[in-house]
Amino acid sequence: RVDDNTVRQITDDYRVNLLNNAPNIIATGADFKEKIIRDLVLHGNAYVDIERDGNNIVSLWNIDAGDVGISKYSDREKPHIVKDVKFKIYSSNVELNLDDVMILTESSEDGGLTGQGVIARGYRTIELALNEIELNKNIMNNGSSPISVVKLDKNLSAEAQQRLRDSWDKMYASSQNAGKLLILEQGMEYEKLSFSPNELGLTASRTKTQADMCALFGVPESMVDSSANTYGNIESSNIRFLQYSILPHLSVIESALNKSLLLEKE
């Protein structure tokens, strides 16, 4: 930033290459930033190991959010003031100092060491969505067999009932047999007990869950369902996505980069 009104793009700083092209000998800049975003959104935490040579940064390495243990050393007289932090990397049994780690958090409750992502904040919504998918899957796989009854005018033994059930499943179960011609032998009556997904309210329930999932991830529902576009045009929806979905994450990343990769005079 040259002054209050002018921003000059930096092109000749070695850190530009680290962030955009090769943060380390393995990853690309896209891989590096995608990992940060994934951990930040899902877990609320993202950690980066900063390898230095003096004041120069040699490489940047993503650390799995679930692989980090944090030890805080507080002031004895003022326990709310943290004097130092150590990071234990469980998979490698390595301990890192605060200066060696770039910390990115969202919805933090401890001052910026750990955060909460959508998995912690929306586990009930995610669980409901998975259950709805499983229910619809079972309805499609089972076809008409377990959600209907066959009446007979005589009693069947347990073995005969099992044989009838097995033969019925073989002929009519699964979505591949949907719409197949039903043949009933003498004395048998078929009675439908179930309803379509619309009749069961599954369609409306999934629509509500879809809206909840979009809200959880901060994504306008119109981006996954065109009928939900209340903004009048795609441009308005995209602007909202930028302002309320992307920019908060970018702000977290920008602050962390400034704090960890720049010297105080910079």
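Provided above is the structure to which this section pertains.
Everything quoted here is computed from the prediction, not taken from an experiment. (Residues numbered from 1 in each chain as written. Predicted model: local features only at pLDDT ≥ 70, side-chain atom pairs only at ≥ 80, totals over all residues. Heavy atoms only, no water.)

Draft legend 1. Quick look at the pairing of strand 5 (residues 94-97). Where strand 4 (residues 82-89) lies against strand 5, 4 bridges are found, and the strand directions are antiparallel. Note that in strand 5 the partner of lysine 86 across the bridge is asparagine 97. Linkage of strand 4 to strand 5, two consecutive antiparallel strands, is achieved through a turn of 4 residues, within which asparagine 93 is found at a positive phi near 55°. (Pairing = 2+ DSSP bridges. Helix = DSSP H or I, 4+ residues; strand = E, 2+ residues; numbered from the N terminus.)

Draft legend 2. Here's a closer look at the pattern of salt bridges. One pass over the full model with this rule turns up 8 salt bridges. As a salt-bridge pair, arginine 38 and glutamate 34 come within 3.0 Å of each other at their nearest N and O atoms. One end of the pair, arginine 38, and the other, glutamate 34, are both in helix 2 (residues 29-43), 4 residues apart, so they sit about a helical turn from each other. The exposure class assigned to arginine 38 is partly exposed, which follows from its relative accessible area of 38%. Between lysine 35 and aspartate 64 there is a salt bridge; the shortest N-O distance is 2.6 Å. Placement of the pair is lysine 35 in helix 2 and aspartate 64 in the loop between strand 2 (56-63) and strand 3 (68-74), with a sequence separation of 29 residues. Take lysine 35: its relative accessible area is 17%, and that puts it in the buried class. Take aspartate 64: its relative accessible area is 44%, and that puts it in the partly exposed class. (Salt bridge = Lys/Arg side-chain N within 4 Å of Asp/Glu carboxyl O. Buried < 20%, exposed > 50% of the residue type's maximum accessible area, 1.4 Å probe, protein only.)

Draft legend 3. Spatial organisation of the sheet that holds strand 4. Read across the sheet, 3 strands follow the order 3-4-5 without closing on themselves; strand pairing throughout is antiparallel. A strand with exactly one partner marks an edge of an open sheet, and here the two such strands are strand 3 and strand 5. Ignoring which end each strand starts from, the neighbouring axes of this sheet average 25° apart. (Axes fitted to C-alpha atoms, helices over the stretch in contact; angles between N-to-C directions.)

Draft legend 4. Structural context of the sheet that holds strand 6 (residues 101-105). Taken in spatial order, the 3 strands make up an open sheet running 2-1-6, and their pairing is antiparallel. Of all the strands in the sheet, just strand 2 and strand 6 have a single pairing partner and so form its edges. On average, adjacent strands in this sheet sit at an angle of 25° to one another, irrespective of strand direction. Helix 7 (residues 234-261) contacts strand 1 (45-53), strand 2 and strand 6 of the sheet and is inclined by roughly 160° relative to strand 6. (Contact = heavy atoms within 4.5 Å.)

Draft legend 5. Molecular detail of helix 2. Over its 15 residues, helix 2 runs 21 Å from end to end, which matches the ideal 21 Å to within 8%, given 1.5 Å per residue. By the burial criterion, the buried members of helix 2 are Gly29, Phe32, Lys35, Ile36, Asp39, Leu40 and Val41. At the exit of helix 2 stands glycine 44, carrying a positive phi of roughly 80°. (Expected span 1.5 Å × (residues − 1).)

Draft legend 6. Spatial organisation of the environment of aspartate 13. Assignment of secondary structure puts aspartate 13 in the segment before helix 1 (14-20). Residue classification places aspartate 13 among the partly exposed residues on the basis of a relative accessible area of 22%. Of note is the side chain of aspartate 13, whose polar atom sits 2.7 Å from the side chain of arginine 15. (Polar contact = N/O pair within 3.5 Å; in protein donor to acceptor, adjacent residues only side chain to side chain.)

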